Structures are given as structure tokens and as C-alpha cells.
Amino acid sequence: MRLEEITRSVDTLPAMGGAALRVLALIEDAQASAARIEKALREDPGVTANLLRLANSAYFGIPSRIGSLRQAVSLLGLRRVTQMVVAACAAAVLQRPVEGYDLPAGELWRHSLAVSVAAEGLVRELGIGAGEEIFTAALLHDVGKIVLGRFVCEEMARIEAALGRGLTFEEAETAALGVDHAAVGADLLARWALPADIVYAVRWHHDPDRAPASHPMLDVVHVANVLCRMIGIGLGREGLQTEPSETVTRRLGVGTGHLERVASRTLQWANELAQALAA
Ligand SMILES: [Fe+2]
Ligand SMILES: [Fe+2]
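Computed from a predicted structure; not experimentally measured. (Residues numbered from 1 in each chain as written. Chains lettered and ligands numbered in written order. Predicted model: local features only at pLDDT ≥ 70, side-chain atom pairs only at ≥ 80, totals over all residues. Heavy atoms only, no water.)

Is there a simple way to explain the overall build of the chain in this structure?
Each helix and strand in the chain was counted, giving 16 helices and zero strands. The C-alpha atoms of the chain give a radius of gyration of 18 Å, which matches the 19 Å a tight globule of 279 residues would have. Taken over the C-alpha atoms alone, the chain extends approximately 55 × 45 × 35 Å along its principal axes. Classification of the 279 residues of the chain by burial places 55% in the buried group. Of the contacts formed within the chain by residues at least 6 apart in sequence, a portion of 68% connects residues at least 24 apart. Counting every atom, the chain has about 11800 Å² of accessible surface; 52% of that belongs to carbon and sulfur. The average position of the 27 basic charges and that of the 33 acidic charges among the side chains of the chain differ by 5 Å. (Helix = DSSP H or I, 4+ residues; strand = E, 2+ residues; numbered from the N terminus. Rg over C-alpha atoms; globule rule 2.2 N^0.38 Å. Buried < 20%, exposed > 50% of the residue type's maximum accessible area, 1.4 Å probe, protein only. Contact = heavy atoms within 4.5 Å. Areas by Shrake-Rupley, 256 points an atom, 1.4 Å probe, with all protein chains shown as cover. Lys, Arg positive; Asp, Glu negative; His and termini not counted. Charge placed at Lys NZ, Arg CZ, Asp CG, Glu CD.)

I keep staring at the packing of helix α7 (residues 107-126) against helix α16 (residues 256-278) and nothing clicks. Help me out?
Two packed helices can be described by the angle between their axes and the distance between those axes. Here α7 crosses α16 at 135°, and the two axes come no closer than 8 Å. Considering the angle they form, α7 stands oblique to α16. As α7 packs across α16, the resulting crossing turns out to be right-handed. Grouping the amino acids of the contact of α7 with α16 by side-chain chemistry returns 15 nonpolar, four polar and four charged. (Axes fitted to C-alpha atoms, helices over the stretch in contact; angles between N-to-C directions. Parallel < 35°, antiparallel > 145°, perpendicular 65-115°, else oblique. Left-handed = near helix turned anticlockwise from the far one by under 90°. Nonpolar A, V, L, I, M, F, W, Y, C, P; charged D, E, K, R; others polar.)

What should I look at first to understand the coordination of the iron ion (ligand 1) in this one?
Tetrahedral metal sites with four donors have an ideal angle of 109.5 degrees; octahedral sites with six donors have ideal angles of 90 or 180 degrees. Those donors, Asp142 (OD), His181 (NE2), His205 (NE2) and His206 (NE2), are the protein atoms that reach the iron ion (ligand 1), and they lie 2.1 to 2.2 Å from it. Coordination at the iron ion (ligand 1) is irregular, judged from the four donor atoms that bind it and the angles of 85 to 177° they form at the metal. Sequence spacing of the donor residues for the iron ion (ligand 1), all on one chain, is D-x38-H-x23-H-H. (Donors = N, O, S within 2.8 Å, 3.2 Å for Na, K, Ca; no water. Tetrahedral: all angles 85-135°; square planar, octahedral: opposite > 155°, others 65-115°.)

I'm lost on the environment of Val199 in this one. Help?
Within the element layout of this structure, Val199 appears in helix α13 (residues 196-203). Expressed as a C-alpha distance, the spacing of Val199 and Leu140, which sit 59 residues apart in the sequence, is 9.3 Å.

Teacher, can you tell me more about the confidence of the model for the chain here?
Any residue range with low pLDDT should be treated as having predicted coordinates unsuitable for detailed reading. Chain-level pLDDT for the chain is 88 on average; 94% of the residues reach the 70-or-more range. Considering each helix and strand of the chain separately, the mean pLDDT is smallest for helix α2 (residues 18-24), with a value of 71, and largest for helix α15 (residues 246-252), with 97. (pLDDT = per-residue confidence, 0-100.)

Teacher, can you tell me more about unusual backbone geometry here?
Peptide bonds are trans in most cases, and residues, glycine excluded, mostly fall at negative phi. Residue Asp102 is not a glycine yet carries a positive backbone phi of 60°. By the element assignment, Asp102 lies in the loop between α6 (78-94) and α7. Taking the relative accessible area as the measure of exposure, Asp102 reaches 47% and is therefore partly exposed. Phi at Ala193 is positive, roughly 65°, even though this residue is not glycine. Position of Ala193 among the secondary structure elements: in the loop between α12 (181-191) and α13. On the accessibility criterion, Ala193 (62% relative accessible area) is exposed.

Can you help me understand α12 in this one?
Given 3.6 residues per turn, any residue in an α-helix points the same way as the ones three and four places further on. Summarising burial for α12: eight of the 11 residues are buried, a large majority. Every buried residue of α12 is listed here: His181, Ala182, Ala183, Val184, Gly185, Ala186, Leu188 and Leu189. Following α12 by one or two positions, Ala193 has its phi on the positive side, about 65°.

Quick question: what am I supposed to make of the coordination of the iron ion (ligand 2) here?
Distances from the iron ion (ligand 2) to its protein donors, namely His111 (NE2), His141 (NE2), Asp142 (OD) and Asn225 (OD1), fall within the range 2.1 to 2.3 Å. For the iron ion (ligand 2), the four donor atoms in the first shell make angles of 85 to 176° at the metal, a pattern classed as irregular. All donors to the iron ion (ligand 2) come from one chain, and their sequence spacing reads H-x29-H-D-x82-N. Between the iron ion (ligand 2) and the iron ion (ligand 1), a spacing of 3.6 Å is present, and a bridge between the two is formed by Asp142. By relative accessible area, His141 is classed as buried at 0%.

When you look at the packing of helix α10 (residues 156-164) against helix α11 (residues 169-177) in this model, what are you seeing that I'm missing?
Closest axis-to-axis distance for the α10/α11 pair is 8 Å, and the angle between their directions is 130°. Relative to α11, the element α10 lies oblique. Note that α10 runs across α11; the crossing there is right-handed. Between α10, through Arg158, Ile159, Ala162 and Leu163, and α11, the contact on the second element is made entirely by Phe169, Ala172, Glu173, Ala175 and Ala176. Classifying every residue of the contact of α10 with α11 by side-chain character gives seven nonpolar, no polar and two charged.

See below:
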């Protein structure tokens, strides 16, 4: 019953923004160009403004001032600019307060940016490939909380009871609602027609050991999320988590030293990016 209601509410959720979807469709398009992105963004001047703020943030490391979308594409590349468009559109959705998870306004956004930065940091630190869209997968990993928050609120007594029995927050969601925020998020992103590896990484980010197959993008998002929960960014009701999956850390070859180095940079960069979009 609940599950049906939740699935229905995914349909009524305001889309992340037509601009993001139009630009995402260009990822797979061999003809994609700055001109086509400009056309896709024409009706959303706010997105272009946010995109330029992001492009000029220190995280992306361009020393000269970027003043136009064309310039951003020529300096950062089409793929990076596409990721920024998605981030600029996702900001509006993820900056809201999330009831049920005890996340005040902006906290899920800060957590999402931190997981993106940590994921890219891990990829660099380990010298591995995890898919070009790792930034976007990490940014959207908890988007299901936006949908599920209201239901978590309504069923808080059952969730608390499940937590009291020693279940993790995600297990408690499933026990009380029949579904967790990872499954709802994956469902939502699949409806938005995001690439399959992003949907897969979001679906299994809390439970990579139960995923039908291993995938480097999933592994990295999982570890980056746990890392941000270890250092306390965007915890809300989920609380601290101290251990990523052992199978995943072994598969990635990630050790404490790697985690420490990535963690020390994550906080700074996440704040920097959050400020770029709050300006
Ligand atoms: Fe999550
Ligand atoms: Fe998370």
C-alpha cells in the first residue's frame, strides 16, 4: 500500500529542471556542441548564471575568469560543463530541508557536494577509472530522500522501533515503508532517463555487497558516502557510519591513508562549491 503511494509520489515530484534533462540528452550526442547547450539553456537563464559561478569556483581550477558558456566549454570541455548544468539544476531540489531525515535546508546539498568531491578525490588518489559521470552519480546519490522524507516522517514510530532492534537506517526504511531511499532515488533517476551506471550506483550505494554485479562507479560512490558520514557532513538522522564494505575497499585497494588524504581535502572543496552556488 505504502509502496504504491510512494511510487505514485515519484511521478508528482517536480522534475530537476527541464534544462538538466535537455543537456543530459546531449551527453550521448556526437553532434553536441556549445551552441546546442546554449540552445538547451535558453529558457533557464538562472541555470546559466549558476553554471558560470561553478565554472569559476576554485575546485575546477581554471585561472582565468569564465564569462560565457562557450568559454566554459572550450576551457573545461563539454562533459564537465554538462555535469555543472546538472549540478546547477540539482541545487534547487537538494537545497530544500528534508523532513524525516532531520536535514535542515542546505544540508543534503552540502552532503551531496561533499560526496561528489570525495568521489573524484578517491578516483585521483587511487588512480582508477570509475566512469566519467562519477561526479553526477555522487551528487544525486541521496535524491531519493527528497521523495521519501514525508513518508519517513509519517512512519517515524515504526522506523524508531526498527532502529531500536539494531537495524541500520536504510534497513529501517525498508522495514517500515517497504523501500529505502536508494531504491526510490534510482527509480526517480531512471524516469529522468539518466545513464544506467548512475542509476545503478545510486540504487546500491548503501549495499554494494548485495548488488547483482560490482561496478567501479558504485564502489567509489559507496566509499565516498561513508567517508563523508565518517567526517560528519550531512548526517541528519542517519548518524555516523564508520566502515565501508570490506569487499569494496579490498576491490578498490583503498586504505586508511587514502581515506585520510581525501577526507582532509573534501571539507574545504565542498564548502567552496556550496559557496559558489549560494552567492
Ligand atoms: Fe544514502
Ligand atoms: Fe549519503
